[in-house]
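A structural walkthrough
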Amino acid sequence: MKGQDITVLVTGGAGFIGSNFVLYLLKNYPQFHVINLDKLTYAGNLDNLKSIENHPNYTFIKGDICDEKLVGEIVAGGVDYLINFAAESHVDRSITDPGIFVRTNVLGTQVLLEAAKKYGVKKYIQISTDEVYGSLDKEGYFTETSPLAPNSPYSASKASADLFVRAYYKTFGLNVNITRCSNNYGPYQFPEKLIPLMISNALEGKELPVYGDGLYVRDWLYVEDHCRAIDAVMQRGKPGEIYNIGGGNEKTNLEIVRLILQELNKPESLIRFVKDRPGHDRRYAIDSSKIQRELNWRPYYDFTDGLKLTIRWYLEHVDWWYKIKSGEYQEYYQKMYQDR
Ligand code: NAD
Ligand code: TYD
């Protein structure tokens with residue numbers, strides 16, 4: 001770690017967004033030393049980081065963010081920025097097993113905050129989600145001052161974590177930021193989430209399970225745009241501030257599924273409407289004017305281009321997702337979808 005100007009501790013860096021962010025940092029900031037602390041749950045995958053595993057400015061540590069001793073040792077070694085991506089992140093899993101969401105997402109966050117306070121981390125960034133604001137009807141957007149109204153155990157755990165981050169700023173003066181981003185898509189997303197699940201199922205000739213009427217709306221952002229937004233917050237975010245991040249790409253799930261089928265030349269008869277998710281949020285839409293105005297960030301990728309790039313990535317990396325889908329994930333898929 002010595003000899004480097006700035007040390008960034010990324011937690012959850014073997015997951016979807018975290019690994020994209022680690023790759024982004026090492027590409028754009030050769031002077032940074034990046035430490036990746038990840039427990040390697042089912043969602044953590046070191047294959048995502050193969051290209052940089054021997055990079056001289058990169059250290060991987062397998063461990064749990066709830067492990068006070070380990071986190072304390074790492075942060076005591078000198079960390080300038082701590083960026084917390086580590087989380088249980090899938091709404092459907094939070095419905096079947098909420099406990100682990102409280103442990104990792106809430107308790108884990110508090111352990112990180114405590115270490116950041118104790119050892120004088122310069123900035124702590126909490127990667128949160130727009131889901132903490134709950135659900136919108138047809139009109140309106142979430143702003144940073146919208147009330148917290150989480151509806152799933154996942155979003156409730158993320159909202160709780162955000163409140164601890166706020167408290168460490170107000171009570172202890174820890175320099176924090178919270179980012180609340182809309183749905184991400186792009187390379188390395190685990191195939192339990194909508195877009196990679198639908199692409200990979202279509203490629204395998206399997207049914208595409210659409211929940212309820214398929215008219216639920218999400219605001220999609222290409223993952224690289226998210227990484228650039230977090231970078232802007234790292235560099236220029238004002239202490240204690242929350243920043244919403246969104247792509248301004250509202251789409252229904254059905255529109256997305258149809259676009260994927262079209263792009264892959266597959267028939268719409270693969271679509272299967274299945275039982276809805278309980279407590280399913282109807283619409284998310286983000287007002288990201290604050291980060292655009294104050295930190296000069298804006299998304300580069302238009303949704304059609306981003307989706308094409310993503311489909312191409314999954315076509316060129318069949319081994320990556322096939323390994324996941326043919327392993328223990330099969331059991332999950334059976335459990336979640338067989339009686340739906
Ligand atoms: P992911 O599930 O792909 O990755 C999570 C990572 O955290 C995995 O590598 C996993 O091994 C690790 N992890 C889990 N528990 C851990 C623990 N106790 N200790 C250490 N590591 C642990 O998630 P993602 O989609 O990359 O999301 C990353 C963050 O961004 C999450 O905090 C999520 O709430 C937030 N977010 C995600 C989206 C999205 O669309 N995916 C949108 C907005 C915000
Ligand atoms: P998901 O990718 O799980 O993200 P989130 O629930 O955090 O927004 O789901 C995105 C949308 O797609 C959501 O409205 C649920 C829907 N969905 C389906 O219709 N079928 C599926 O198999 C999955 C995984 C999601």
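Presented here is a report on the structure given in the accompanying data block. If you're wondering where the values come from, they're calculated on a predicted model, not measured in any experiment.

**Topic: the pairing of strand E6 (residues 176–181)**
- E6 sits mainly inside the fold: 6 of its 6 residues count as buried.
- Pairing of strand E5 (residues 123–129) with E6, which is carried by 6 bridges, proceeds in the parallel orientation. By the bridge assignment for E6, Ile125 is matched with Asn177.
- A crossover connection joins E5 to the parallel E6 through helix H5 (residues 153–172); in handedness this β-α-β unit is right-handed.
- Strand direction decides the pairing type here: E6 and strand E10 (residues 242–245), joined by 4 bridges, are parallel. Looking at the pairing, Thr179 lines up with Tyr243 of E10.

**Describing the site of ligand 1**
- Close contacts around ligand 1 come from 29 residues, with Ile17, Asp38, Ser89, Tyr154 and Lys158 the closest.
- With respect to ligand 1, the backbone of Leu40 contributes an N or O atom lying 3.4 Å from an oxygen atom.
- Mapped by element, the contributors of at least two residues to the shell around ligand 1 are helix H1 (16–28), E5, H5 and strand E7 (183–185).
- Sort the elements by how many residues they give to the shell around ligand 1 and E5 lands first, with 3 residues.
- Residue composition of the shell around ligand 1, by class: 12 nonpolar, 12 polar and 5 charged.

**Describing empty space enclosed by the protein**
- This model, assessed by the stated rule, comprises 2 cavities of 30 Å³ or more.
- Along its surface, the second largest cavity is lined by Val91, Ile95, Glu131, Ser152, Arg218, Arg277, Pro278, Gly279, His280, Asp281 and Tyr284.
- Looking at side-chain class alone, the lining of the second largest cavity contains 4 nonpolar, 3 polar and 4 charged residues.

**Comments concerning the sheet that holds strand E9 (residues 217–222)**
- Strand order in the open sheet formed by 3 strands is E7-E9-E11, and the pairing between neighbours is mixed. Either end of the sheet is taken by a strand with one partner, and the two such strands are E7 and strand E11 (250–252). Strand after strand, the sheet turns through a mean of 50 degrees between neighbouring axes, direction not considered.
- Of the pairings in the sheet, the one linking E7 to E9 comprises 3 bridges and is parallel in character. Each bridged residue has a counterpart across the sheet, and for Asn184 the counterpart in E9 is Leu221.
- Against the sheet, helix H8 (residues 253–263) contacts E9 and E11, and its axis sits at roughly 80 degrees relative to E11.

**Brief notes about the packing of helix H6 (residues 194–204) against H8**
- Between H6 and H8, the shortest axis-to-axis distance is 10 Å and the interhelical angle comes to 35 degrees. In terms of crossing hand, the pair formed by H6 and H8 is right-handed. For the pair formed by H6 and H8, the contact residues are Leu194, Ile195, Met198, Ile199 and Ala202 on the first element and Asn253, Ile256, Val257, Ile260 and Leu261 on the second.
- Grouping the amino acids of the contact of H6 with H8 by side-chain chemistry returns 9 nonpolar, 1 polar and no charged.

**Description of H5**
- For H5, with 20 residues, the first-to-last C-alpha span of 28 Å sits near the 28 Å given by 1.5 Å per residue.
- Of the surrounding elements, those touching the buried residues of H5 are helix H3 (91–96), helix H4 (99–118), E5 and E6.

**Let's talk about the pattern of salt bridges**
- Counted under the stated rule, the structure contains 20 salt bridges.
- With a shortest N-O distance of 3.2 Å, Glu204 and Lys325 are connected by a salt bridge. Here the residue Glu204 occupies a position in helix H6, and Lys325 occupies one in helix H11 (residues 318–325), the gap between them amounting to 121 residues.
- When the shortest N-O distance is used, the salt bridge between Arg228 and Asp225 registers 2.7 Å. Of this pair, Arg228 and Asp225 both sit in helix H7 (residues 223–236), 3 residues apart, roughly one helical turn.
- Judged by its relative accessible area of 16%, Arg228 is buried.
- If you follow the salt bridges from partner to partner, you end up with Lys39, Asp64 and Arg103 in one network.

**What to know about the environment of Tyr332**
- Here Tyr332 shows up in helix H12 (residues 329–337).
- C-alpha of Tyr332 to C-alpha of Cys227: the two residues are 105 residues apart in sequence and 29 Å apart in space.
- When near neighbours in sequence (up to four residues on either side) are disregarded, Tyr332 contacts His90, Asp92, Arg93 and Glu192.

**Some remarks on the side chain of Ser157**
- Mapped onto the fold, Ser157 is located in helix H5.
- Owing to a relative accessible area of 4%, Ser157 belongs among the buried residues under this scheme.
- If we ignore the near neighbours within four places in the chain, the residues touching Ser157 are Phe101, Val102, Asn105 and Val106.

About the criteria used
Residues numbered from 1 in each chain as written. Chains lettered and ligands numbered in written order. Predicted model: local features only at pLDDT ≥ 70, side-chain atom pairs only at ≥ 80, totals over all residues. Heavy atoms only, no water. Buried < 20%, exposed > 50% of the residue type's maximum accessible area, 1.4 Å probe, protein only. Helix = DSSP H or I, 4+ residues; strand = E, 2+ residues; numbered from the N terminus. Pairing = 2+ DSSP bridges. Right-handed = clockwise from strand over helix to strand, strands pointing away. Near = heavy atom within 4 Å. Polar contact = N/O pair within 3.5 Å; in protein donor to acceptor, adjacent residues only side chain to side chain. Nonpolar A, V, L, I, M, F, W, Y, C, P; charged D, E, K, R; others polar. 1 Å grid on protein atoms, 1.4 Å probe; cavity = no way out; pocket = protein on both sides within 12 Å on 5 of 7 lines; lining within 4 Å. Points joined across faces, edges and corners; volume = space filled by probe spheres on them. Axes fitted to C-alpha atoms, helices over the stretch in contact; angles between N-to-C directions. Contact = heavy atoms within 4.5 Å. Left-handed = near helix turned anticlockwise from the far one by under 90°. Expected span 1.5 Å × (residues − 1). Salt bridge = Lys/Arg side-chain N within 4 Å of Asp/Glu carboxyl O.

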